[in-house]
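A look at the structure
Each chain, letter by letter, is given below.
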Amino acid sequence: MPLPSSLTPPSPHLGMDALVQLARSEPALPDNTCHNFYFLRHGQTARNAARVFQSRDEPLDGMGQQQVRTAAQRLAQEPIRSVLASDVLRAAQTASTVAHALGHPWQPHVGLRERHFGALIGTSSAQLDWACAPEGGETLNTFVQRSCSALAEALAQPAPVLLVAHGGTLLVLAAWLDVALPPGAMGNAQPLHFTRSGAGWQAQRLLATAGQPSPSNLA
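This is a predicted model, so every value here is computed, not measured.

Notes on the pairing of strand β4 (residues 161-165)
The buried fraction of β4 amounts to five of the five residues, a majority that puts the element mostly inside the structure. A two-sided burial pattern is seen for β4, the buried positions comprising Val161, Leu163 and Ala165 on one face and Leu162 and Val164 on the other. As paired strands, strand β1 (residues 36-41) and β4 are joined by five bridges and run parallel to one another. Residue leucine 40 lies in a different strand from β4, and its bridge partner there is valine 164.

Here is the structure:
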């Protein structure tokens, strides 16, 4: 199956066809689950900016912290009732700031973690290949299955839900829902509003500007 142009990352990544096919083979989100939710990728980290595969304890950098504060101010205008987030440090820091602005607690969900790239951590991600099988890491199939299962669980919470996670999670989500991502949607700390109309989903950016992804900083 060719990769839809709407799902093409801001810069080419290898293995996207495989990611899309795997996500679309997962059980669909039930029609009665939700029709409205929000997604926020974590703020920038130093290794995002340096295009390096990062570990789970990589914190937000100064730019990332500012991005998250801006996103929190915007999301505070939305009727969000639940906040679920990856427990990876950069996502947890993002969720904590946003949840404080919303006046809600946030719940960690390990299933929303970014893909674990094993032996590739600390190396350049300039040639990121989602179809790779890194030593000591997750296969693409395992990552997609885990992500879709976690997303389904999270979206069953009181709506509207805010999901705080990662670039890889967002790519899986878009493929799973067969939704077109608008330009700039993959930026760090760019809040997105997903709505369902009939059988289809739409995604809308809530900020005019946000940190834009480099060709390889999604992981």
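Once the structure has been displayed, the description carries forward.
Description of the environment of phenylalanine 117
Along the chain, the position of phenylalanine 117 falls in the loop between β3 (107-108) and α5 (140-154). In this structure, the C-alpha to C-alpha distance between phenylalanine 117 and glutamate 138, residues 21 residues apart in sequence, is 6.3 Å.

Looking at helix α1 (residues 16-24)
Those residues of α1 that fall on the buried side of the exposure criterion are Met16, Leu19, Val20 and Ala23. Within α1, the buried residues cover an arc of 95 degrees as seen down the axis, which keeps them to one side. Buried residues belonging to α1 abut α5 and α6 (167-177).

Considerations on unusual backbone geometry
With an omega of -5 degrees, the peptide bond running from alanine 159 to proline 160 counts as cis. With respect to the element layout, proline 160 can be found in the loop between α5 and β4. Even without glycine at this site, aspartate 178 takes up a positive phi of about 55 degrees. Structurally, aspartate 178 is set in the loop between α6 and β5 (191-197). We classify aspartate 178 as exposed; its relative accessible area is 53%. Positive phi outside glycine occurs at alanine 189, with the angle close to 55 degrees. Note that alanine 189 resides in the loop between α6 and β5. Residue classification places alanine 189 among the buried residues on the basis of a relative accessible area of 1%.

Overview of the packing of aromatic side chains
In the structure shown here, the tally under the stated rule is five aromatic pairs. Summarising the aromatic geometry, the rings of phenylalanine 53 and phenylalanine 117 are spaced 4.7 Å apart at their centres and angled 40 degrees between planes, so their arrangement reads as tilted. A residue pair is termed long-range when its members are at least 10 positions apart, and phenylalanine 53 in the loop between α2 (46-50) and α3 (62-75) and phenylalanine 117 in the loop between β3 and α5 qualify at 64 residues. Exposure remark for phenylalanine 117: the relative accessible area of 3% places this residue in the buried category. Here a set of aromatic residues connected by ring pairs shows up, and it is made of Phe53, Phe117, Trp130 and Phe143.

Topic: the sheet that holds β4
Taken in spatial order, the six strands of this open sheet run β3-β2-β4-β1-β5-β6, and their pairing is mixed. At either end of the open sheet lies a strand with only one pairing partner, and these are β3 and β6 (200-205). Lying over the sheet, α6 contacts β1, β4, β5 and β6, oriented at roughly 150 degrees with respect to β1.

What about the pattern of salt bridges?
Where side chains of opposite charge bring their charged atoms close, a pairing between them can arise. Applying the stated criterion across every chain yields a total of five salt bridges. Residue aspartate 178 is joined to arginine 24 by a salt bridge in which the shortest nitrogen-to-oxygen separation is 2.7 Å. Here aspartate 178 is found in the loop between α6 and β5, whereas its partner arginine 24 is found in helix α1, with 154 residues between them in sequence. Glutamate 78 serves as the salt-bridge partner of arginine 74, at 2.7 Å between the closest nitrogen and oxygen. In terms of burial, arginine 74 and glutamate 78 fall into one category: buried.

Concerning the packing of α5 against α6
As a packed pair, α5 and α6 sit with axes 10 Å apart at the nearest point and diverge in direction by 75 degrees. Classified by the angle between their axes, α5 and α6 sit roughly perpendicular to one another. Residues Phe143, Val144, Ser147, Cys148, Leu151 and Ala152 of α5 form the contact with α6, whose own contacting residues are Gly168, Thr169, Val172, Leu173 and Trp176. When grouped by side-chain class, the residues that make up the contact of α5 with α6 number eight nonpolar, three polar and no charged.

Thresholds applied
Residues numbered from 1 in each chain as written. Predicted model: local features only at pLDDT ≥ 70, side-chain atom pairs only at ≥ 80, totals over all residues. Heavy atoms only, no water. Buried < 20%, exposed > 50% of the residue type's maximum accessible area, 1.4 Å probe, protein only. Helix = DSSP H or I, 4+ residues; strand = E, 2+ residues; numbered from the N terminus. Pairing = 2+ DSSP bridges. Arc of directions from axis to C-beta. Contact = heavy atoms within 4.5 Å. Phe/Tyr/Trp six-rings, centres within 6.5 Å; stacked < 30°, edge-to-face > 60°. Axes fitted to C-alpha atoms, helices over the stretch in contact; angles between N-to-C directions. Salt bridge = Lys/Arg side-chain N within 4 Å of Asp/Glu carboxyl O. Parallel < 35°, antiparallel > 145°, perpendicular 65-115°, else oblique. Nonpolar A, V, L, I, M, F, W, Y, C, P; charged D, E, K, R; others polar.

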